[in-house]
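Structure assessment
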Amino acid sequence: MDDDFDAVLTAVGPRLRKLRAEADLTLSALSEATGISVSTLSRLESGQRKPGLDLLLPLAKAYRVPLDDLVGAPEVGDPRVYPRPIQYDGLTVLPLTRRPGGLQAFKHILPGELNDRTPTPRSHEGYHWLYVLNGRLRVILGEQDLVLIAGEVAEFDTHLPHWFGNADAHPAEFLSILGPQGERFHVRASYRP
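Residues numbered from 1 in each chain as written. Predicted model: local features only at pLDDT ≥ 70, side-chain atom pairs only at ≥ 80, totals over all residues. Heavy atoms only, no water.

Here we take up the overall build of the protein. Scanning the protein for helices and strands turns up 5 helices and 9 strands. Helices and strands appear in the protein in the N-to-C order α-α-α-α-α-β-β-β-β-β-β-β-β-β. In the protein, which comprises 193 residues, the proportion classed as buried is 30%. In the protein, of all internal contacts separated by at least 6 residues, the share reaching a separation of at least 24 is 58%. As presented, the protein carries roughly 12,800 Å² of accessible surface, and 54% of it is formed by carbon and sulfur atoms. (Helix = DSSP H or I, 4+ residues; strand = E, 2+ residues; numbered from the N terminus. Buried < 20%, exposed > 50% of the residue type's maximum accessible area, 1.4 Å probe, protein only. Contact = heavy atoms within 4.5 Å. Areas by Shrake-Rupley, 256 points an atom, 1.4 Å probe, with all protein chains shown as cover.)

What follows is the structure, encoded as structure tokens:
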């Protein structure tokens, strides 16, 4: 644990030097902006002084970056979101969003095999969009049995019994965006010539 802590502190100096160079600031100008002496700033950047919050907070404010960026903290996502691919029944699902609630995006990869099981449409709360990237996707929506090809989209209320799988023996890839009931895309810009 102490070795990890020391490694984090050792990496702060070069990171601070890089930020100052990117901001095109001299040590004197940074000293004026932060109230930290030039000699202390120099020792921080060279690793001769360990940084504390009393020094890092004014520097984060001066550089307009989160404190995490100064210390190189790892990105921490919502523990309920699985950043690694999920695999089940031969299907691979890659979560694309990392925030809880709201719209959730996924990439689905179906293997190159025809599913000979009888589709069992299901329903649940929510709203769903499917966009086919590659291959042919069989989609059952209520009484409709459709085959979508690359570039085609399906949009539906998930109370409608639905199912999707391979339309043939070739792989298929599609994007899936699932939102809670009543959630819709918010189009802020649209251009039609």
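Read across the open sheet, the 3 strands follow the order β6-β5-β8; overall the sheet is antiparallel. With one partner strand each, in any of the chains shown, β6 (144–149) and β8 (162–166) form the two edges of the open sheet. Ignoring which end each strand starts from, the neighbouring axes of this sheet average 20 degrees apart. With 6 bridges joining them, strand β5 (residues 136–141) and β6 adopt antiparallel strand pairing. Across the sheet, the residue bridging to V139 is L146, located in β6. (Pairing = 2+ DSSP bridges. Axes fitted to C-alpha atoms, helices over the stretch in contact; angles between N-to-C directions.)

A word on the pairing of strand β4 (residues 127–134). Here β4 runs beside strand β7 (residues 153–157); their pairing, made up of 5 bridges, is antiparallel. What sits directly across from L130, in β7, is A154.

Taken together, the buried positions of helix α2 (residues 27–34) are L27, L30, S31 and T34. Mapping the buried residues of α2 onto a view down its axis gives an arc of 105 degrees, with all of them on the same face. Projecting away from the buried face of α2 at angles above 90 degrees are the exposed residues E32 and A33. Just downstream of α2 lies G35, where phi reads positive at about 80 degrees. (Arc of directions from axis to C-beta.)

Turning next to the packing of α2 against helix α3 (residues 38–46). One can describe the packing of α2 onto α3 by two numbers: an axis separation of 9 Å at closest approach and a directional angle of 110 degrees. Between α2 and α3, the interaxial angle falls into the category roughly perpendicular. The interaxial crossing formed by α2 with α3 has right-handed handedness. Contacts from L27, S28, L30, S31 and T34 in α2 reach V38, L41, S42 and E45 in α3. Grouping the amino acids of the contact of α2 with α3 by side-chain chemistry returns 4 nonpolar, 4 polar and 1 charged. (Parallel < 35°, antiparallel > 145°, perpendicular 65-115°, else oblique. Left-handed = near helix turned anticlockwise from the far one by under 90°. Nonpolar A, V, L, I, M, F, W, Y, C, P; charged D, E, K, R; others polar.)

So, about the sheet that holds strand β9 (residues 172–179). Ordered in space as β1-β2-β3-β9-β4-β7, the 6 strands form an open sheet in which the pairing is antiparallel. With one partner strand each, in any of the chains shown, β1 (86–88) and β7 form the two edges of the open sheet. The sheet shows a mean angle of 20 degrees between the axes of neighbouring strands, direction not considered.

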